[in-house]
Amino acid sequence: MLAVPAHLRNRHLLRRQPRVLLFAVPLFVAVVCWALDYVFVADGSRDALIALPVWLAAGAVVGWLAMTLWKRSQALRRAESRFASVEDAASDAIVRVDRDGVIASWSPGAKAIYGYGNGEIVGRPLSDLFADPEGARVLEDTPASGETIELRRRDGTVFSASVLVSSDDEGAIVVARDLGELRRVKSELGNAEARYRSLTEHLPVVTYVQSLEGERETTYVSPQLDKLLGYKPHEWLEDPDLFLRLVHPEDRGDVVAARKAADSPNGIRSTYRMLARDGRVVWVREEAVAVRNESGRPLCLQGYLLDISERKAAEQERGELRAAQAETADESRDRQRKIDFVAEAATILASSGDLRATIRQVAALATRDLAEWCIVDELHEEGTFTHLAAERAQSRSSSDEPGLDPELAVSDVIRRRRPEVSDSRMLLPLISRGGRVAGALTLVAGDNAPAYSSDDLPWASALAGMIALAIDNARLYVEVEARQDANRVLRHVGDGVFLLDRDGVIRLWNPASAEIIGVSVESAQGKPASEAIPGWHELSELAPVGTAREPARPLALPIETERGERWISISGVVFGAGTVYAFRDITEEHQLEELKAEFIATASHELRTPLAAVYGAAQTLRRHDFALDEAGRERFISLIVDEADRLAQIVNQILLANQLEVGRVDLEPEPFEPGELVERVVESAKTHAPDSIIFHTQLASSLPAVAADKDRARQVLVNLVENAVKYSPRGGRIEVGAERGDGAVVFRVVDEGMGIPAEEQSRIFEKFYRLDPNLTKGIGGTGLGLYICSELVERMGGRIWLESEEGKGSAFFFQLPIGGAHPVLPKARELAERERVS
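Residues numbered from 1 in each chain as written. Predicted model: local features only at pLDDT ≥ 70, side-chain atom pairs only at ≥ 80, totals over all residues. Heavy atoms only, no water.

Another aspect to go through is the overall build of the protein chain. Broken down by element type, the protein chain carries 25 helices and 28 strands. Residue burial in the protein chain is summarised as follows: out of 838 residues, 36% are buried. Contacts spanning at least 24 positions in sequence make up 52% of the contacts within the protein chain whose residues lie at least 6 apart. Carbon and sulfur atoms provide 53% of the accessible area of the protein chain, an area that totals close to 49,500 Å². (Helix = DSSP H or I, 4+ residues; strand = E, 2+ residues; numbered from the N terminus. Buried < 20%, exposed > 50% of the residue type's maximum accessible area, 1.4 Å probe, protein only. Contact = heavy atoms within 4.5 Å. Areas by Shrake-Rupley, 256 points an atom, 1.4 Å probe, with all protein chains shown as cover.)

Written as structure tokens, this is what we have:
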């Protein structure tokens, strides 16, 4: 429980004490009177004792009446105190009048209105305050009601007042309010509002007032809104969303954000665009602040909209003038820069006889600030083009050339002999002495170079003329040296070249022609081709002949030489002095093509055989008129499975050969035991080999681990073992072994089969090569097995070779490195280098 302070308890007791005493004293007096009556009057009779309750009741009634009267007096005193407080605080005049109409009290408000002090007016009749003495009848005529009456001040002035009278039996209370001051304040307020509206309606801005509560509706808009935007004020007030709809869509978000902070101390200060009724875009500047009361609470938002469209237009015009001035200055600087470029380019072209180097320097100079790309194409006599320079600005990292098709762009400009200019590109023909076109100049605009126009033609044409002159001078120099170099080139070129005049006499016969055909220079030069070249009559009818502009496609033809039949690829070019023939020896390529043809035929045969077996077995299984027992069905199904495996092996060989060709075979080197590999391969081969084959395994002791791809090494060994079985048609002994070599493990497969002729051994690892191409001995195959072995061993860092004697069998060897990391393979290195360069 909370303890009540002692002073509060005492105060409470003091307030309760009068009421307790008022009730207790009558009871005490009644008890005393009864006691006196009982002792001295009634002599202690029984009747007097019975009268005690009556005395007590009488005392209680008297105490209750006393306490009730005391409460009423207390309430009256409190009411008087409150009324006095109201009198002191009220600005109106409060006057107490007794029943005779005499003023009994005078409030401070009455003193302020009438000018009388308390001592001057109290005790005087109320009628002294009325301008008309008859006005005092208001006390009788309008009790408890208000009426406007003319009153008089102490100085004699008369004023109107609203009088309220409250009467009772003891008198009346009169309350008077000065209406003249209220009217004066209202008049001044009206005048101030009129002046404010007159000011706002004549300012060159649209003023508005907006509430800051609820939906923040606009409560006032000045008539200038019609002139600014073409809308009437009532339209603005009736449609709260009209303002935001008129704000330009691009500025609407900023305006909404600014208005959210409208009641901040800084208010609103922003510039934006609005849309007028007639579609005009009006630039306005808005400034608004929150109007606050004496306590600082915002009451409303007051602001204005100022039309600044003309100012914006003036600013834009000034900006355009400054831009035009800057553009003129830029054009002047640009013109001077181009003049300096042409002068510097002329100096570079005259500084050296190295045509490519100087043109590249000029092209690089052009890409510094005049072009993104600068390409110089040289036109040759046969109509082809060569890039003398193709430089790009350093602002880009990409090295891709622009999409220029020489046949459509450069050729067209050269043919028309007129420059072509667009915003992004300039193409100009390079016209040298005598009007001959030497090539074309291409300039491509980019990020670091402005768009082109016809004004750029003078400096570009000057550059094109200087480049054409440099090309012409270089050609003259080259022609002088070309004649000296021609004989050296023809003597050392690998292709055969000979010249026939119009009469068919050989005027030129280079050493390569003598080597290929087998006819010396002395025996051929100066003689008719029909006498010097064997079979020339038939050869000339078949050899294609074209022109420099339309060269003929070379044709492969056979020719008889002292070394036998050779195949050559030959074509000729006819010109005014005769015909030049060029040919080269393609005997080996022709043989390779024949091998490819044989491979296709062999592969077709190899694939057709298992396919026919699978198809026949499947058809047999489908027959309903031919009953098969379970053993028969199992035999046909086994046949299908075996032949399908054979098909898969053939297809896998072809796919692997192709992957090896393009370098897409991934190797995963890991250490493995060579002896275990040999044993597993032999065990697997025994299950498929015919009974006439006897396998023998011979392994050296303590063989080190091999660092190579185990699966690929197994594939090589399996291919060699299967090859040994295939080329041992009469059976015999096959030895499979491994031994340690110099830093490697050497695997070997030795058979007693057919053997390989000495002249064929150098080609045994070639792609598509087969020892029995015509299947005369019934040995099939795709010709890819040994090729795959050779490629895989080479990629694993090893080498493969053979030793063989025809009719006595063959021995195949391959070695793989031991320990350490897998080496980088030559072909893998070559492919990686090619990819890096590309």
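Take the sheet that holds strand β15 (residues 437-444) next. Read from one edge to the other, the open sheet built from five strands follows the order β12-β11-β15-β14-β13, with strand pairing classed as antiparallel. Either end of the sheet is taken by a strand with one partner, and the two such strands are β12 (385-392) and β13 (420-421). Where helix α13 (residues 355-369) meets the sheet, its contacts fall on β11 (373-379), β12 and β15, and the angle it forms with β12 comes to roughly 40°. (Pairing = 2+ DSSP bridges. Axes fitted to C-alpha atoms, helices over the stretch in contact; angles between N-to-C directions.)

With that out of the way, let us pick up the packing of aromatic side chains. In total, this model carries 12 aromatic pairs according to the counting rule given. Relative to tyrosine 581, the ring of tryptophan 536 lies with its centre 5.3 Å away and its plane at 90°, an arrangement referred to as edge-to-face. With tryptophan 536 in helix α19 (residues 536-542) and tyrosine 581 in strand β21 (residues 578-585), this pair connects stretches of sequence that are 45 residues apart. An aromatic cluster is built from Phe498, Trp509, Trp536, Tyr581 and Phe583, whose rings are joined through pairwise contacts. Looking at lysine 312, its charged tip hangs above the ring of tryptophan 283, at a distance of 4.3 Å from the centre. In this arrangement the basic side chain of arginine 799 is found over the ring face of tryptophan 801, its NZ or CZ atom lying 3.9 Å from the centre. (Phe/Tyr/Trp six-rings, centres within 6.5 Å; stacked < 30°, edge-to-face > 60°. Lys NZ or Arg CZ within 6 Å of the ring centre and 35° of its normal.)

If you walk through the whole model with that rule in mind, you get 26 salt bridges. Notably, a salt bridge pairs aspartate 251 with arginine 273, separated by 3.0 Å at the nearest N-O pair. Of this pair, aspartate 251 sits in the loop between α10 (242-246) and α11 (252-260) while arginine 273 sits in strand β8 (residues 268-275); the two residues are 22 residues apart in sequence, bridging distant segments of the chain. Across the pair, exposure class does not vary: aspartate 251 and arginine 273 are buried alike. By sharing partners, the salt bridges in this structure join Asp412, Arg415, Arg416, Glu420 and Arg425 into a single network. (Salt bridge = Lys/Arg side-chain N within 4 Å of Asp/Glu carboxyl O.)

Quick look at the nonpolar core now. Ranked by internal contacts, the top residues of the largest apolar core, which has 43 residues, are Phe695, Phe747 and Phe814. At seven residues, the largest contribution of residues to this core is made by helix α23 (residues 710-726). With residues near it in sequence (within four places) discarded, phenylalanine 695 still touches Val682, Ala685, Lys686, Ala689, Val721, Val725 and Ile734. Core analysis: the second largest hydrophobic core is formed by 35 residues, Leu365, Ala460, Ile467 and Ala474 among them. (Core = buried A, V, L, I, M, F, W, Y, C linked by side-chain atoms within 4.5 Å.)

With that settled, consider the packing of helix α12 (residues 309-349) against α13. In the contact formed by α12 and α13, the axes pass within 9 Å of each other and the chain directions differ by 165°. In terms of orientation, α12 lies roughly antiparallel with respect to α13. Crossing of α12 over α13 shows right-handed handedness. Between α12, through Arg337, Phe341, Glu344, Ala345, Ile348 and Leu349, and α13, the contact on the second element is made entirely by Thr358, Ile359, Gln361, Val362, Leu365, Ala366, Arg368 and Asp369. (Parallel < 35°, antiparallel > 145°, perpendicular 65-115°, else oblique. Left-handed = near helix turned anticlockwise from the far one by under 90°.)

Moving on: the side chain of arginine 273. A relative accessible area of 17% places arginine 273 in the buried class. A polar side-chain atom of arginine 273 sits 3.0 Å from a polar atom in the side chain of aspartate 251. (Polar contact = N/O pair within 3.5 Å; in protein donor to acceptor, adjacent residues only side chain to side chain.)

Under the counting rule described, the total for this entry stands at three cavities of 30 Å³ or more. There is about 60 Å³ of room inside the largest cavity. The set of elements that each furnish at least two residues to the lining of the largest cavity consists of β1 (93-98) and β5 (171-178). Among the residues making up the lining of the largest cavity, the classes are represented as 10 nonpolar, no polar and no charged. Its boundaries defined by the atoms lining it, the second largest cavity holds a volume of some 40 Å³. Ranked by the residues each element gives to the lining of the second largest cavity, the list is headed by α12, at three residues. (1 Å grid on protein atoms, 1.4 Å probe; cavity = no way out; pocket = protein on both sides within 12 Å on 5 of 7 lines; lining within 4 Å. Points joined across faces, edges and corners; volume = space filled by probe spheres on them. Nonpolar A, V, L, I, M, F, W, Y, C, P; charged D, E, K, R; others polar.)

On the surface, a cluster of negative charge is made up of Asp666, Glu668, Glu670 and Asp711. By secondary structure assignment, the location of glutamate 668 is in the loop between α21 (630-662) and β22 (670-672). The exposure class of glutamate 668 is exposed, given its relative accessible area of 61%. (Patch = residues over 30% accessible without salt bridge, like charges linked within 9 Å, V, L, I, M, F, W, Y side chains within 5 Å. Lys, Arg positive; Asp, Glu negative; His and termini not counted. Charge placed at Lys NZ, Arg CZ, Asp CG, Glu CD.)

Before going further, it helps to spend a moment on the sheet that holds strand β27 (residues 799-805). Two strands in a sheet stick together by hydrogen bonds in their backbones, pointing the same way (parallel) or opposite ways (antiparallel). Strand order in the open sheet formed by five strands is β23-β25-β26-β28-β27, with mixed pairing between adjacent strands. Both outer strands of the open sheet, β23 (693-699) and β27, are each paired with one neighbouring strand and no more. Between one strand and the next, the sheet's axes are offset by a mean angle of 15°, whatever the strand orientation. Taken together, the seven bridges between β27 and strand β28 (residues 809-817) define a ladder with antiparallel strand orientation. Each residue of the ladder has a partner; that of arginine 799, found in β28, is glutamine 815. Lying on the sheet, helix α22 (residues 674-688) is in contact with β23, β25 (732-740) and β26 (744-750); it crosses β23 at an angle near 175°.

Moving on to the environment of threonine 200. On the secondary structure map, threonine 200 appears in helix α7 (residues 179-202). Residues within four places of threonine 200 in sequence aside, it is in contact with Val205, Thr207, Tyr220, Ser222 and Gln224.

The next thing to look at is the packing of α23 against helix α24 (residues 785-795). Two elements in contact, α23 and α24, have axes whose closest approach is 9 Å; the angle formed by their N-to-C orientations is 150°. In terms of their interaxial angle, α23 and α24 are classed as roughly antiparallel. Where α23 crosses over α24, the two elements pack in a sense that is left-handed. From α23, Arg712, Gln715, Val716, Asn719, Leu720 and Asn723 reach across to α24, where they touch Gly785, Leu786, Ile788, Cys789, Leu792 and Val793.

Before going further, it helps to examine unusual backbone geometry. Although it is not a glycine, arginine 417 sits at a positive phi angle of roughly 60°. By the element assignment, arginine 417 lies in the loop between α14 (410-416) and β13.

So, on to a nonpolar patch on the surface. Together, Val61, Trp64 and Leu65 make up a nonpolar patch on the protein surface, roughly 310 Å² of accessible area in all. Tracing the chain through its elements places leucine 65 in helix α3 (residues 52-89). For leucine 65, a relative accessible area of 43% translates into the label partly exposed.

Pairing between β8 and strand β9 (residues 281-292): eight bridges, direction antiparallel. Counterpart to isoleucine 268 in the pairing with β9 is alanine 288.

Here the focus is the confidence of the model for the protein chain. When pLDDT is averaged along the protein chain, the result is 77, and 74% of the positions lie at 70 or above. Ranking the elements of the protein chain by mean pLDDT puts helix α25 (residues 826-837) last with 44 and β26 first with 93. Across residues 1-5, where pLDDT falls below 50, the model places one contact with residues more than four positions away in sequence or in other chains. (pLDDT = per-residue confidence, 0-100.)

The next subject is α23. Because an α-helix completes one turn every 3.6 residues, residues spaced three or four positions apart along the sequence face the same direction. Taking 1.5 Å per residue as the helical rise, α23 with its 17 residues ought to reach 24 Å, and the 24 Å between its terminal C-alpha atoms agrees with that figure. Turning to α23, its buried residues number three or more, namely Ala713, Val716, Leu717, Asn719, Leu720, Val721, Asn723, Ala724 and Val725. Where α23 begins, the capping side chain belongs to aspartate 709, and its oxygen is found 3.1 Å from the backbone nitrogen of aspartate 711. (Expected span 1.5 Å × (residues − 1).)

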